[in-house]
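As a plain string of letters, each chain reads:
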Amino acid sequence: MPMRAMTGSEIRSAFLDYFQAEGHRVVASSSLVPTADPSLLFTNAGMVQFKDVFTGKEQRPYSRAVTAQKCVRAGGKHNDLENVGRTARHHTFFEMLGNFSFGDYFKERAIDHAWTFLTGRLGLPAERLWVTIHEGDAALGVGPDEEAERLWLRYVQKERIVPCSTKDNFWQMGDTGPCGPCSEIVYDQGPRMGCGRPTCAVGCDCDRYLELWNLVFMQFERSLEGVLTPLPKPSIDTGAGLERLAAVLQGGRSNFDTDLFRPIIGVVEEQCGARYGASVQAAVSMRVIADHARATAFLVTDGVLPSNEGRGYVLRRIMRRALRHGRMLGLEEPFLAAVTGRVAELMQEAYPELQEARDHVARVAQGEEERFGHTLKVGLRLVDSLLEAQKGAGSRTVPGAEIFKLYDTYGFPLDLLRDIAGDQGFALDEAGFEQAMEEQRAKARESWVGSGEVEIPASLKALADRLRVEACWHHSLTEEAKIAAILAGEGRQPAELLRQGETGELVLDRTPFYPEAGGQVSDGGRITTRDGAQAEVMAVHRPTPNLVLHRVRVKRGSLRADATVTAEVEAGRRKATAKNHTATHLLHAALRQVLGDHVKQAGSLVAPDRLRFDFSHWSPLAPQEIDRIERLVNEQIWENRRVGTEEKALDDAVKGGAMALFGEKYGERVRVVTVDGFSQELCEGTHVQATGEIGLFKIVSQGGVAAGVRRVEAVTGPGAYLYVKQEEQVLAEAAARIKARPLELAEKVERLTESSRDLERENQRLKARLAGGVLEELLAGSRDVNGVRVAAGRVDSLDAKGMRELGDRARARLGSGVVVLVAQAEGRVLWLTMVTTDLAGKVHAGRLARELAAVTGGGGGGRPDMAEAGGKDPSRIPEALERLPELVNRQLSS
RNA sequence: GGGGGGUUAGCUCAGUUGGGAGAGCGCCGCGUUCGCAACGCGGAGGUCGAGGGUUCGAAUCCCUUACCCUCCA
């Protein structure tokens, strides 16, 4: 027996070492963001990165592998988020240890290895281990897994081999594909950890019987009809949770009592000044924070940012839950970054990327804490006024609809609302809330149409399986090729012939056309036959690796399947695109040099006329930063650095420092594009041979795309020249208009604005004086209508604002009366009517305005004391004014 | 993918039947003070996210769109 329990780190190494010694390739953990699998939110098991290997779609140069895989389980089908912290075993982030056989060894070796490792290397007492096997399933047409039972009997007594149902012990990847029975190794932690019920046994959901390791025996292929046929070369997929192993070996009651978690909890203890375990509630909060901080650190490191949809939303929920528990511990100031920092320190040996991304993670954490703080602040205000209103209405219950609105629209945490309302003696209508919630869920489900994956039509799938296209785009622009297939019509059905004027898609056996990929747009060009037929290539794409589709329009003649054609790429477009693509790599490297290593590509467009680059970065770029980036890129162009490409193994490429991007799918062999001494990136695109060809690089714009993502657009070569030229012209023209030299432009504009402002003021003064005169005139011309003073006048020199000011002054001077102003401006009529308050109820300004405007061919209205109206016929203004006394009089006498 | 809410001065935000674009803080100037803070007076600063429509008239109503917040999937 070892004197000291193994640490989590030691268990991980022991596992990898053990299987490496047994002929397994140690494969690095894949990103938490699954590559090329839109159906999966996060990597949630060790086998995810080997999916295509199991189905045979992908080949690897090894047939046995071992991994320690980072996993996240949150959101999606099994949503355990609410359980984390309350139980001993639930986590959002955990590490899965797994060994894999791809058609190599099967059940016997898998069982031997698992047993030997647990009892031998880890020293777990054999008498505490139980195993489960699949009991068989008539519906599936599968009998009990007697083979596994026989093999287990070599190590365990029959009493400790428990048959289990399909629900627990039969694994399948999806509705179709590889599947098979599983066998689990269970550890008996003893009665002190159990529920004490007489029925307690393996499978009980208490903590006594702990599932340590799941062995999946992939031995069948499931067809669409649900029929299982044996696989010729069955495979093995296993998974053991590192946290559980550590808990068992270190003798703790929970996964949180291991060295994987205690140091993280320690940081939380320091932050809030309370001891872990002092109170049950506080302990839950500390566990939640520790767990969620791990998930946050790993997810952000793998390129996920908190947002309001998809993966980012799950991350945000995890982070906010941690923050909420922080507040429950009395932590009001940002604390999460300190905790994620500790996670990075603790795990850096196994996951060096954590340390590299540490500052980035801290910034993201801090940003989210600020945003959450804001959400709470706004929410608290709303809660206050809501409770106030309820009190006013004499109610002591908060309606479900209001709770829902707070939660749904403003993101206010329900439990916090419960606390606040409770303190003030309010009850919550939680049933009403649940109902509203259920309605929203139902609505969302209804509209759900499936994941964003584009379905490939069956006809294309069949074609792809049959064909293997030869890609020539990296070494030539013109190729002799044969038309392997033609697709035409709405359903993209195979066709024999494509006639003049028709559009369709061509499959060639070899092609020089670059298909749209990695942000680079596809080539254009033409396809011709010897007998003079000609088609224009409009777009090229590649739905599967074996299938390149050329979208064409036939200009002349017709194209026939099996015909021999000449495929010719438009060289100018290709060249311009290549300049922009290489420039994109230079820009990416320059951004990282100037802004820091947290800059990661988040999206990219490479077109012939421009390039667009999205990347993770927190603040807008300062003008000086843009200058430095632009200059750095241009310096590389002036240096005329060589651009080389090279094929190598993915591992070697990454070790050599090449930039690999998340969200991209890479095979075992990758293409590395190197700009000597400056940049190295995995890339399939087309590039220039030396940076000098780019000519000139100019950033055209920069802006934000989403929180934490910035976008830069730039042009190169002739495009950049044109851009600069245009700016020069605009400048020259502007300068010419104000008779200045371009260099003096700023100064001269400054002087002009100043003088224009002076003139403006002078104008105001004159207008005011003029209005004074007009005012006197207006008052002098006022007349009595049935005991009411009516002042009316035409003021064409004033605009609407001036009229209102004049009207106000006239009304004040009048004390009691009616003011009517009318002006003609740009062929239209503008009316303003005002009535002093003492006449309210006698004369209505709105009605008066409407009636006056009607005469001049318009309409209008307003408040009883002030109204505006318009019209279209200025020639009738005098007529309208003449009718004014009559109109006023009619209102007075009605 | 589907809901809810938002976008108004440098910042935080008001702005109800559609009819004067505002407050607080900040900034500049003047006053008060030995000086500072505070205070008083004055001032600069607004494509009311963008585009279309309805109307005599739109920050306000309708449609489209961008972005942000938020919930659900």
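Residues numbered from 1 in each chain as written. Chains lettered and ligands numbered in written order. Predicted model: local features only at pLDDT ≥ 70, side-chain atom pairs only at ≥ 80, totals over all residues. Heavy atoms only, no water.

A. Molecular detail of the overall build of chain A. A tally of helices and strands in chain A yields 24 helices and 35 strands. Since a compact globule built from 894 residues should have a radius of gyration of about 29 Å, the 38 Å found for chain A marks it as more spread out than a globular shape. For chain A, the spread of C-alpha atoms along the three principal axes comes to 120 × 85 × 55 Å. Counting over 894 residues, chain A shows a buried share of 48%. (Helix = DSSP H or I, 4+ residues; strand = E, 2+ residues; numbered from the N terminus. Rg over C-alpha atoms; globule rule 2.2 N^0.38 Å. Buried < 20%, exposed > 50% of the residue type's maximum accessible area, 1.4 Å probe, protein only.)

B. How the structure looks around the packing of aromatic side chains. The final tally for this structure, using the stated rule, is 22 aromatic pairs. Aromatic side chains Y18 and F19 sit 4.9 Å apart centroid to centroid with 85 degrees between the ring planes, which places their arrangement in the edge-to-face category. Across this residue pair, the class does not change: Y18 and F19 are buried. When the ring of F54 is compared with that of F100, the centres are 6.5 Å apart and the planes differ by 55 degrees; the resulting orientation is tilted. Pair noted here: F54 is in helix α2 (residues 51-55) and F100 is in strand β3 (residues 93-101), with a separation of 46 residues, a long-range link. (Phe/Tyr/Trp six-rings, centres within 6.5 Å; stacked < 30°, edge-to-face > 60°.)

C. View of the protein's contact with RNA strand B. The local shell around RNA strand B holds 37 residues, among which Y313, R316, R320, D808 and G861 are the closest. Close to the protein, within 4 Å, the atoms of RNA strand B are drawn from sugar and phosphate at a rate of 60%. Taking G859, its main chain carries an N or O atom lying 2.7 Å from a base nitrogen of RNA strand B. Where the surface near RNA strand B is concerned, the elements lending two or more residues are α9 (310-328), α12 (358-392), α13 (400-410), α15 (430-446), β28 (697-706), α22 (800-814), β34 (860-862) and β35 (866-871). For the surface near RNA strand B, a count of residues per class yields 11 nonpolar, 12 polar and 14 charged. (Near = heavy atom within 4 Å. Polar contact = N/O pair within 3.5 Å; in protein donor to acceptor, adjacent residues only side chain to side chain. Nonpolar A, V, L, I, M, F, W, Y, C, P; charged D, E, K, R; others polar.)

D. Examining the pairing of strand β32 (residues 818-825) more closely. Counting buried positions over the eight residues of β32 gives six, a clear majority of the element. Bridge count for strand β31 (residues 788-794) against β32 is five bridges, and the pairing is parallel. If you follow A791 over to β32, its bridge partner there is V819. Alignment of β32 against strand β33 (residues 828-835), held across eight bridges, turns out to be antiparallel. By the bridge assignment for β33, L821 is matched with L832. Linking two consecutive strands that pair antiparallel, namely β32 and β33, is a turn of two residues; a positive phi of about 50 degrees is found at E826 within it. (Pairing = 2+ DSSP bridges.)

E. Inspection of the sheet that holds β33 at higher detail. If you trace the six strands from one edge of the open sheet to the other, you get β30-β31-β32-β33-β35-β34, paired in mixed fashion. At either end of the open sheet lies a strand with only one pairing partner, and these are β30 (783-785) and β34. When strand polarity is set aside, the average angle formed by the axes of neighbouring strands in this sheet is 20 degrees. Summarising the sheet, β34 and β35 pair through three bridges and their orientation is antiparallel. Considered in β35, the bridge of G862 is made with A867. Packing against the sheet, α22 makes contact with β31, β32, β33 and β35, and its axis sits at approximately 30 degrees to β33. Relative to the sheet, helix α23 (residues 845-855) contacts β32, β33, β34 and β35, its axis offset from that of β35 by approximately 15 degrees. (Axes fitted to C-alpha atoms, helices over the stretch in contact; angles between N-to-C directions. Contact = heavy atoms within 4.5 Å.)

F. Spatial organisation of helix α7 (residues 262-272). I264, I265, G266, V267, V268, E269 and C272 are the residues of α7 that are buried. Buried residues belonging to α7 abut α8 (280-301) and α10 (336-347). Trailing α7 by a residue or two, G273 shows a phi angle of about 70 degrees, which is positive.

G. View of the environment of F412. Inspection of the secondary structure puts F412 in the loop between α13 and α14 (414-423). Non-local contacts of F412, meaning those with residues more than four positions away in its chain, are made with L376, G379, L380, V383, L406, Y407, L417 and I420.

H. Structural detail: the layout of surface pockets. Taken as a whole, the second largest pocket encloses approximately 410 Å³ of empty space. H474, R574, H687, V688 and Q689 are, among the 18 residues lining the second largest pocket, the residues nearest its centre. Counting only elements with at least two residues in the lining of the second largest pocket, the list comes to α17 (571-595) and β25 (643-649). A class-by-class count of the residues in the lining of the second largest pocket yields six nonpolar, eight polar and four charged. (1 Å grid on protein atoms, 1.4 Å probe; cavity = no way out; pocket = protein on both sides within 12 Å on 5 of 7 lines; lining within 4 Å. Points joined across faces, edges and corners; volume = space filled by probe spheres on them.)

I. Representation of the side chain of D112 within the structure. Of note, D112 is situated in helix α3 (residues 107-121). Residue D112 is classed as buried on the basis of its relative accessible area of 17%. Ignoring anything within four residues of it in the chain, the contact list for D112 reads R154 and Y155.

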